[in-house]
4 protein chains.
Amino acid sequence: TDPLILYGQHFSSRLLLGTARYPSPALLEQAVAAAQPAMLTAALRRQSAGNAEASRSFWTLLQNMQTPLLPNTAGCHSVQEAISTAEMARELYGTDWIKLEIIGDDYTLQPDTLNLVGAADQLLRRGFKVLPYSTEDLVLCLRLVDVGCQAVMPWAAPIGTGKGPLNPLALRTLRERVQVPLIVDAGLGLPSHACQVMEWGYDGVLLNTAVALALDPVRMAQAFAAAVRAGRDAFWAGTMTPQDSAQPSTPVLGTPFWHQP
Amino acid sequence: TDPLILYGQHFSSRLLLGTARYPSPALLEQAVAAAQPAMLTAALRRQSAGNAEASRSFWTLLQNMQTPLLPNTAGCHSVQEAISTAEMARELYGTDWIKLEIIGDDYTLQPDTLNLVGAADQLLRRGFKVLPYSTEDLVLCLRLVDVGCQAVMPWAAPIGTGKGPLNPLALRTLRERVQVPLIVDAGLGLPSHACQVMEWGYDGVLLNTAVALALDPVRMAQAFAAAVRAGRDAFWAGTMTPQDSAQPSTPVLGTPFWHQP
Amino acid sequence: TDPLILYGQHFSSRLLLGTARYPSPALLEQAVAAAQPAMLTAALRRQSAGNAEASRSFWTLLQNMQTPLLPNTAGCHSVQEAISTAEMARELYGTDWIKLEIIGDDYTLQPDTLNLVGAADQLLRRGFKVLPYSTEDLVLCLRLVDVGCQAVMPWAAPIGTGKGPLNPLALRTLRERVQVPLIVDAGLGLPSHACQVMEWGYDGVLLNTAVALALDPVRMAQAFAAAVRAGRDAFWAGTMTPQDSAQPSTPVLGTPFWHQP
Amino acid sequence: TDPLILYGQHFSSRLLLGTARYPSPALLEQAVAAAQPAMLTAALRRQSAGNAEASRSFWTLLQNMQTPLLPNTAGCHSVQEAISTAEMARELYGTDWIKLEIIGDDYTLQPDTLNLVGAADQLLRRGFKVLPYSTEDLVLCLRLVDVGCQAVMPWAAPIGTGKGPLNPLALRTLRERVQVPLIVDAGLGLPSHACQVMEWGYDGVLLNTAVALALDPVRMAQAFAAAVRAGRDAFWAGTMTPQDSAQPSTPVLGTPFWHQP
């Protein structure tokens, strides 16, 4: 057994799933059943204008899935807004886990590099278990660990792009240098992307769009779950070193072996 | 069920494994047990100078694994040599399956682009089920299909390099244009590589070095088997289209949903 | 001086230009004046249906530019067709230079890997100076040299795509292994692409679409000419080896230098 | 004429050169003569332990080259240290230009994302013309502009690696979103890298290692200068749009044109 350990809590899965953009609540439920994720993340500020009934039933749905909930502060643009939202989430959902998102730019939805550490610091002091959504910036991630974050969640690419890791060298350097669990959050579009970051030693991945917008979200959820496990196994199995020149898998002699004395 | 179908025969796995370079026969056996491959490939011209005993026990080992055998013509440099070797393999192993390898360059171990079609044609006429090891060259692969090959096995990169797909555009064009099963053979180093080509619609992968030279070949065999299934599932599940700009997975409003009337 | 030498003839430029798809004959003329290419290539089979006048004036235009002409066999699909076209070009243009193109697939416009060597062989025997348009296939290119080609012209990507080198490893291996001049023909879209292949030691580039379809073909022709020279200079200047970890360009001490005794 | 304009000052070159790591002062001088850079950057804290004479003669060398000097704060790790160093440079070199470097991590030499804006702000208030060395982080670069920087200098890759642009998508997004001149500083290893970022619309490049460590630094300086101009020309000339499928540069008919009536 090789559990994912976050803030001392053990999780048997290394996949975290978002809950937005699914074609229907039923498909979300089935995808969760297929992937068996460690946690489900949901925004407090969901788009449900004028429809309290929809909100209540979504909340009931989340509770029924019996998967730990990770509320997030999606849509927040300032430290104060993120803290207020986190406090409301704690009250509403009854959990002190929070995925900290502060948007620094509305076009790329990039995390606010300059204010993330301060917000994380304050939330940790208020007793939250903070999972900060960050970029792959090494200095930023080291500071997040310095203030007490027991895990960091760098992006692979901007949210919803599905492009996969845009800067492999930076992500691999980050993995070498940061000693807490690292979960890739945002930008993965394919199971092979998830497998790849796990091979590099990342501890988990968080997905939403790539599953929710697949033609068959349930089968895609299952594919991502398998790819994450495959990548983790490969990490432990010790991958071969790429070679610049060809090497025969079968060294041969001139004489078929059964002709030899 | 979604079997791999080659020359009318159904296989439940989409992974083919080579049998060379394992640290020990026992680890080969365990890797095969872990991966449950469709076929095992073995060279007739194995390196076993002056050791008939070793050859006999390797042959016994292969038979005991109860996995269909795919003899190969590794080490052949001419059409005539490949045909002789295939005929010997048919007699020795009692199978008309043959993985056709003709080396055109000893440094890169590149298939002999110019002589492969002729060799495949002759072997097909002699009643072999030919799986030709080729490059990603579209014209070459189309001609192999023209002469009757019911599957083609392009490389991803030179044998033993583990670099993964060097020319994704060419491999994806090949997949679109060739109507028979395509199995990526050679050059894959990581489960994410295998997952990726399966996402593109490839029908299977053949591996040797990446498993045999892993620190833990058994766990790596299992990782590859899972990655191949994940990639196949993703192919059927219909992957999202990568986007150039960010898209929030959670569109948000200004008001938390439970505050709405 | 570092001339490009093809079949014993010296050229002061390492850029070859195509003559098709320009917005106007005047822009073609100005682009040629700006780039000062080694040769201009033109197809015998130009699209000029029912317009002999246009053909004649195009021919006059080419002659007036005082740049050596390299007729090509674009549009040919068989060895026989290519040979006939080459013979007609020799008669019409009064030159024994020929850029040999045999299309093996109409969608990718890939060279016909399997018939190129035979066609080159016949043309060489007929006294042509053959510049074969090929893929980056090492075995193919070695065979072209074997039959007597004194230069080979591999593609970087399919004609007109402008994608730049799709398979850098294969192109660099080709450069290491082939002893005759290599000119990248087709697929370059940007001056940086041209610069890159020259840095690898390629001897020249042939362009058409990237110049002809630029908004300002004349300035683009000039840009490509400068990029080719820059790449050649870099090749001779001996490029640094990329490093995996940072190295200060300015190693520093604790004390500003003017404070030191 | 298309000058580079920084803080209202016009420069006829778009190449800035570092002055460290050259094999000899003479080669530095010749490289500068060959490249005709806009500015020369030099660290105050140069490695010249116990050798005041060397320092003085280096300083004389810089003055004799008649190229504007851009002192830098290389080796500084805090805001206060950077400000002190900038003030000393202003006094020593008699210029209010400063390249602001604050190292946030000693292994990657990454700029200190979290303290760069504050340092830039203070230096601008003290009357410096600040060119901040930054990462490609969009939020960081926007904030640098917000506090008054009239140009920003993102890295392409860690200093001295020569890897070229590691995250093209982020660099291109940055170019689209930031309205002041952008100069790529650090990480370029080849003229083709410089050409590429200029094609994207970057306003200039700053180099050191790639020139200083070339086997022939003078020829390499010349190559970079030409590549920068080629990239700038290509930017203005309007590059073609890459295509996914091949397009014949010479559309052909069945009949050679001179056979037509």
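As shown above, the structure is provided for reference.
Below you will find a few notes about this structure. (Residues numbered from 1 in each chain as written. Chains lettered and ligands numbered in written order. Predicted model: local features only at pLDDT ≥ 70, side-chain atom pairs only at ≥ 80, totals over all residues. Heavy atoms only, no water.)

Section: the arrangement of the chains
Then, in step 1: The two units chain A and chain C remain apart, with a minimum C-alpha distance of 9 Å.
Then, in step 2: If you take every C-alpha in chain B and every C-alpha in chain D, the smallest gap between them is 9 Å, and the two do not touch. (Contact = heavy atoms within 4.5 Å.)

Some remarks on the pattern of salt bridges
Should their charged atoms come close, side chains of opposite charge can pair.
Then, in step 1: Taken as a whole and assessed by the stated rule, the structure comprises 47 salt bridges over all chains.
Then, in step 2: Its salt-bridge partner being Arg219 of chain A, residue Asp233 of chain B comes within 2.7 Å of it at the nearest N-O pair. Placement of the pair is Asp233 of chain B in helix H9 (residues 217-237) and Arg219 of chain A in helix H9 (residues 217-237), with the two residues belonging to separate chains.
Then, in step 3: Asp233 of chain B sits in the buried class, given a relative accessible area of 13%.
Then, in step 4: Overall, Arg219 of chain A belongs to the partly exposed group, its relative accessible area being 27%.
Then, in step 5: In this structure, Lys99 of chain C engages Glu101 of chain C in a salt bridge whose closest nitrogen and oxygen atoms are separated by 3.2 Å. (Salt bridge = Lys/Arg side-chain N within 4 Å of Asp/Glu carboxyl O. Helix = DSSP H or I, 4+ residues; strand = E, 2+ residues; numbered from the N terminus. Buried < 20%, exposed > 50% of the residue type's maximum accessible area, 1.4 Å probe, protein only.)

Some details on the interface of chain C and chain B
Interface size is commonly expressed as the accessible area that is lost once the parts come together.
Then, in step 1: Taken together, the contact pairs 24 residues of chain C with 24 residues of chain B.
Then, in step 2: Between chain C and chain B, a total of about 1900 Å² is buried, with carbon and sulfur atoms accounting for 59% of that surface.
Then, in step 3: Linking chain C with chain B are two salt bridges.
Then, in step 4: The partner of Asp105 of chain B in a salt bridge is Arg177 of chain C, with the nearest N and O atoms 2.6 Å apart.
Then, in step 5: Linking chain C with chain B are 10 residue pairs in polar contact (both at pLDDT 80 or more).
Then, in step 6: Put simply, the parts of the chain that give the side of chain C that touches chain B at least two residues each are strand S7 (103-105), strand S8 (110-111), helix H5 (138-146) and helix H6 (168-177) of chain C.
Then, in step 7: Here the side of chain C that touches chain B takes five residues from H5 of chain C, the largest share from any one element.
Then, in step 8: Residues belonging to the side of chain C that touches chain B are distributed by class as follows: 10 nonpolar, seven polar and seven charged. (Buried area = accessible area lost by both parts, 1.4 Å probe. Polar contact = N/O pair within 3.5 Å; in protein donor to acceptor, adjacent residues only side chain to side chain. Nonpolar A, V, L, I, M, F, W, Y, C, P; charged D, E, K, R; others polar.)

Here we look at the environment of Ala38 of chain D
All names here are of chain D.
Then, in step 1: For Ala38, the position within the fold is in the loop between helix H1 (25-35) and strand S4 (39-43).
Then, in step 2: For the pair formed by Ala38 and Ile102, sequence separation is 64 residues and the distance between their alpha carbons is 23 Å.
Then, in step 3: Setting aside its immediate chain neighbours within four residues, Ala38 contacts Phe11, Ser13, Leu15, Thr67 and Pro68.

Considerations on the side chain of Thr73 of chain D
Then, in step 1: For Thr73 of chain D, the location among the structural elements is in the loop between strand S5 (69-72) and helix H3 (79-93).
Then, in step 2: When residues no more than four places from it in sequence are discounted, the contact partners of Thr73 of chain D are Ala82, Thr85, Ala86, Ile98, Lys99, Leu100 and Glu101 of chain D.

Describing the layout of surface pockets
Residue and element names in this part refer to chain D.
Then, in step 1: Space inside the second largest pocket adds up to approximately 590 Å³.
Then, in step 2: What lines the second largest pocket is a set of 28 residues, among which Ser12, Ser13, Arg14, Gln36 and Arg229 lie closest to the centre.
Then, in step 3: Broken down by secondary-structure element, the contributors of at least two residues to the lining of the second largest pocket are strand S2 (9-11), H1 and helix H9 (217-237).
Then, in step 4: A per-element tally of the lining of the second largest pocket places H9 first, with seven residues.
Then, in step 5: Taken together, the residues that form the lining of the second largest pocket break down as 13 nonpolar, eight polar and seven charged. (1 Å grid on protein atoms, 1.4 Å probe; cavity = no way out; pocket = protein on both sides within 12 Å on 5 of 7 lines; lining within 4 Å. Points joined across faces, edges and corners; volume = space filled by probe spheres on them.)

Here's the deal with the packing of aromatic side chains
Working definition: an aromatic ring pair is given by the centre-to-centre distance plus the angle between the planes.
Then, in step 1: Following the criterion strictly, the structure yields 14 aromatic pairs over all chains and no others.
Then, in step 2: An angle of 75 degrees between the planes, with centres 5.9 Å apart, marks the rings of Phe11 of chain C and Trp97 of chain C as edge-to-face. With Phe11 of chain C in strand S2 (residues 9-11) and Trp97 of chain C in strand S6 (residues 97-100), the pair connects residues that are 86 residues apart, well separated along the chain.
Then, in step 3: A relative accessible area of 5% places Phe11 of chain C in the buried class.
Then, in step 4: In textbook terms, an aromatic cluster arises when at least three aromatic residues are bridged by ring pairs, as seen for Tyr7, Phe11 and Trp97 of chain A.
Then, in step 5: Positioned above the aromatic ring of Tyr202 of chain A, the side-chain terminus of Arg175 of chain A is 5.9 Å from the ring centre. (Phe/Tyr/Trp six-rings, centres within 6.5 Å; stacked < 30°, edge-to-face > 60°. Lys NZ or Arg CZ within 6 Å of the ring centre and 35° of its normal.)

Considerations on the packing of helix H9 (residues 217-237) of chain C against H9 of chain D
A pair of packed helices is captured by two measures, namely the crossing angle of their axes and the spacing between those axes.
Then, in step 1: Taken N-terminus to C-terminus, the directions of H9 of chain C and H9 of chain D make an angle of 155 degrees; their axes are 8 Å apart at the nearest point. Comparing the axis directions of H9 of chain C and H9 of chain D gives the class roughly antiparallel. Here H9 of chain C and H9 of chain D pass one another in a crossing that is left-handed. Residues Arg219, Met220, Gln222, Ala223, Ala226, Ala227, Ala230, Asp233, Ala234, Trp236 and Ala237 of chain C of H9 of chain C form the contact with H9 of chain D, whose participating residues are Arg219, Met220, Gln222, Ala223, Ala226, Ala227, Ala230, Asp233, Ala234, Trp236 and Ala237 of chain D.
Then, in step 2: Residue composition of the contact of H9 of chain C with H9 of chain D, grouped by class: 16 nonpolar, two polar and four charged. (Axes fitted to C-alpha atoms, helices over the stretch in contact; angles between N-to-C directions. Parallel < 35°, antiparallel > 145°, perpendicular 65-115°, else oblique. Left-handed = near helix turned anticlockwise from the far one by under 90°.)

Let's talk about helix H6 (residues 168-177) of chain B
Then, in step 1: When we look at burial in H6 of chain B, the residues that qualify are Leu171, Thr173, Leu174 and Arg175 of chain B.
Then, in step 2: If you follow the buried residues of H6 of chain B, they end up packed against helix H5 (138-146) and strand S10 (153-154) of chain B.

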